[in-house]
Amino acid sequence: MTEPCYSDCTLATRPKLTVLAIVALVLLRLAAGWHFWSEGTKKLVRTSDGSVALNPEFSAEGFLKQSVGPLAGFFKGKLPDNHQADKLLATPHQLPEAEASKLGAWSTGYEQRRAKAAADKQPPLPAEFPDDAPYAAWAKQVVADFRQALDRVLKLPGLDDLQQTAAAKHFEFRERQVAEYLAGEANAIAQWRHELWRLSEWEQSDEAQELPFKEERIAEKRAETAAAGRAWMQQVAGIERGLVDDLKSLADAKDGETLRAAIESAASDPKLAELRTMNLVVTTLIVAVGLCLLLGLFTRLAALGGIAFLLSVVATQPPWVAGAAPVYYQVVEAAALFVLFATAAGRFAGLDFFLHALWRRCCGRKPAAA
C-alpha cells in the first residue's frame, strides 16, 4: 500500500480529495475568514481625515479583567491597576449603622461648605479625603499618582514658568474633582464594601459549603459585586484622562506636536501605553487572519495565528475553573482552523494555489539524473 505523502508529492502519489470535500474546505475557510475579518474591522473607525484608526471604545481591558484560573494573575498583571483599586478600594468592610450615619453627615456637610464657598465667590475649598471615608486609602493613592504624573511633566525641557504654574493649577483642579466626586459617592461605596464583606462571610459559612453548585454561585456573586465597583474606577480614569489633556494643552503652537507627545507619554500610566499597544496588535492580528483566510493567502500561517489567538482566549477562561465563561465556540473554531492548516486549504480557490505552483517550479525537488 502506498504511504501518504504530505510534502513533495507527485500527482500520482498525492492523496485525492473529492470535489465535495474541496468545496467544504473552501466554505470553511471563507466562513472562518469572514468571522475574523468582521470582528477585527469592528474595532476600527474612519477618522475625519479619511484614515483608519483603532476605535477608542475598544479595549481588551474589560475582557482580561475577567480572567480566571492559574494564568489570571499573568493576564491581569498586564493591565493598569486603577491606582491599586483591588487592594485599597475593593476591600470588605462591615458598615455599622453609626458609621453610616456619621459618613452621611460628613458628606452632606462637605457639599454644603462647597456650595457656600461658591455662593460667596470664595476660592474653591481644598480637596478633602477624611481618613474614615470608605475610599480614603484609594483616593490618596490616586492623588499621589496624579502628583507623580505632574512631576514627570514638570521635568520635561521646554516648559516655561507660566506653563509650570498652569500645570500645577490643572493638578489642583483635578484633585478637587476627585475629592468632590468620591464624596458624593461615599455612601454607595460604603454599602458596596459592606456587600463585599457579606460575600466574604458567606464564602466562609457552613451554609455556603452545603449549597449545590456553591462554587458557581459564589463565583457569580463575586463577579456581580466586582462589576458594581467599575463605575467609580472608570469615572476616576476619566478624570485622569482629563488631567493628561489639560497638561497637553500647555503646549502651544510654537511647541508643536513633539512637546504634546512628550507630555502625553510623561503624564500617562505606562501600562496604559502597553494596553494600547496590545489592543493594536490584537486588532491587527484578527484583521490579518481574516483577510488572509478570505483570499486563501498564507493560509497555514493565518490559521496558526488564529489558533494562537483563540487559545489565548481559552486560557483566560479555563473550562474546569468555577465561574469561567463558556469557550465552546473558540474551541470549535480553533479545531476548524487546524483543519485548514493541515489541509493547506488556501490551495483550493485561493491565492496559495499560485504561490505553491511557483514554489514547486522554482524550489521544488529536481528529478534525479538518469
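Summary of the structure given here. Every value quoted in this text rests on a predicted model; they were computed, and no experiment measured them. Numbering of residues begins from 1 in every chain and follows the order in which that chain's sequence is written. Predicted model: local features are reported for residues with pLDDT of at least 70 only, side-chain atom pairs are reported and counted for 80 or more only, and whole-chain, interface and lining totals are derived from all residues. The side-chain values count all of the structure's non-hydrogen atoms but skip hydrogen atoms and water molecules.

## With respect to the overall build of the protein
Inference 1: Elements are defined by DSSP. Helices are runs of H or I of four residues or more, strands are runs of E of two residues or more, and each kind is numbered from the N terminus. Regarding its fold elements, the protein presents 16 helices and two strands.
Inference 2: Note on classification: 1.4 Å probe, protein chains only; a residue is buried when its accessible area is under 20% of the maximum for its type, exposed when over 50%, partly exposed between these limits. By residue count, 35% of the 370 residues in the protein fall in the buried class.
Inference 3: Residue contacts are defined here by distance: any two heavy atoms, one from each residue, within 4.5 Å place the two residues in contact. Partitioning the intrachain contacts of the protein with sequence separation of at least 6 by distance along the chain shows that 72% fall at a separation of at least 24.
Inference 4: Of the accessible surface of the protein, which amounts to about 22200 Å², a share of 62% is contributed by carbon and sulfur atoms. The accessible surface values rely on the Shrake-Rupley method and a 1.4 Å probe; as for residues, cover is taken only from the protein chains in view.

## Topic: the side chain of Lys 43
Inference 1: Counting through the fold element by element, Lys 43 comes out in the loop between α1 (19–41) and β1 (44–46).
Inference 2: Buried charge without a salt bridge: Lys 43, with Glu 39 as the nearest opposite-charge side chain at an N-O distance of 4.3 Å.
Inference 3: Setting aside its immediate chain neighbours within four residues, Lys 43 contacts Ala 53, Leu 54, Asn 55, Phe 58, Thr 283 and Ile 286. Positive charge is attributed to Lys and Arg, negative charge to Asp and Glu, and no charge count is given to His or to the chain ends. Should a side-chain nitrogen of Lys or Arg be within 4 Å of a carboxyl oxygen of Asp or Glu, the pair is scored as a salt bridge.

## Some remarks on the environment of Ala 115
Inference 1: Note on placement: Ala 115 falls in helix α5 (residues 97–119).
Inference 2: Spatially, the C-alpha atoms of Ala 115 and Leu 125 are 9.7 Å apart, while their sequence positions differ by ten residues.

## Some thoughts on the pattern of salt bridges
Inference 1: The tally for this structure, following the rule as stated, stands at twelve salt bridges.
Inference 2: A salt bridge links Lys 102 to Asp 132, with the shortest nitrogen-to-oxygen separation between them at 3.3 Å. In this pair, Lys 102 sits in helix α5 while Asp 132 sits in the loop between α5 and α6 (136–154), placing the two residues 30 residues apart along the sequence.
Inference 3: Relative accessible area serves as the criterion here: at 47%, Asp 132 is assigned to the partly exposed category.
Inference 4: A cluster of three or more residues bridged by salt bridges with shared partners is formed by Arg 241, Asp 245, Lys 248 and Glu 264.

## What about the packing of α5 against helix α8 (residues 186–204)?
Inference 1: For helices, the fitted line uses only the C-alpha atoms of the stretch in contact; every axis is such a line through C-alpha atoms, and the angle between N-to-C directions lies from 0 to 180 degrees. At a minimum axis separation of 9 Å, α5 and α8 run at an interaxial angle of 160°. In this view, α5 runs roughly antiparallel relative to α8, as classed from their interaxial angle. Here α5 and α8 pass one another in a crossing that is right-handed. Two secondary-structure elements touch here, α5 through Ala 100, Leu 103 and Gly 104 and α8 through Ala 186, Asn 187 and Ala 190.
Inference 2: Nonpolar residues are Ala, Val, Leu, Ile, Met, Phe, Trp, Tyr, Cys and Pro. Charged residues are Asp, Glu, Lys and Arg, and all others, Gly as well, are polar. Classifying every residue of the contact of α5 with α8 gives four nonpolar, two polar and no charged. The scheme is simple: roughly parallel for angles under 35 degrees, roughly antiparallel for over 145, roughly perpendicular for 65 to 115, oblique for anything else. Crossing handedness is read from the near helix: turned anticlockwise from the far helix by less than a right angle, it gives a left-handed crossing, and turned clockwise, a right-handed one.

## Some points on the packing of aromatic side chains
Inference 1: For Phe, Tyr and Trp, where Trp contributes only its six-membered ring, two rings pair if their centres lie within 6.5 Å, and the inter-plane angle classes them as stacked under 30 degrees, edge-to-face over 60, or tilted in between. The full count for this structure, using the stated rule, is six aromatic pairs.
Inference 2: A ring pair is formed by Phe 36 and Phe 309, whose centres lie 6.5 Å apart and whose planes are at 70°; its orientation type is edge-to-face. You can see Phe 36 sitting in helix α1 and its partner Phe 309 sitting in helix α14 (residues 299–316), a full 273 residues away along the chain.
Inference 3: Residue Phe 36 is classed as buried on the basis of its relative accessible area, which comes to 3%.
Inference 4: The class of Phe 309 is partly exposed, set by a relative accessible area of 21%.
Inference 5: Think of it as a cone above the ring: NZ of Lys or CZ of Arg counts as a charge over the ring if it is within 6 Å of the ring centre and within 35 degrees of the ring normal. A cation over an aromatic ring shows up here: Arg 114 above the ring of Tyr 110, its NZ or CZ 5.9 Å from the ring centre.
Inference 6: Above the ring of Phe 341, the side-chain terminus of Arg 300 is found at 5.5 Å from the ring centroid.

## What about the packing of helix α7 (residues 161–184) against helix α11 (residues 230–248)?
Inference 1: Axis separation between α7 and α11 bottoms out at 9 Å; the angle between their running directions is 165°. Taken together, α7 and α11 sit at an angle that is classed as roughly antiparallel. Considering how the two elements wind past one another, α7 and α11 form a crossing that is right-handed. Residue-level inspection shows Ala 167, His 170, Phe 171, Arg 174, Gln 177, Val 178, Tyr 181 and Leu 182 of α7 in contact with α11, the latter providing Ala 231, Trp 232, Gln 235, Val 236, Ile 239, Gly 242, Leu 243, Asp 246 and Leu 247.
Inference 2: When grouped by side-chain class, the residues that make up the contact of α7 with α11 number eleven nonpolar, four polar and two charged.

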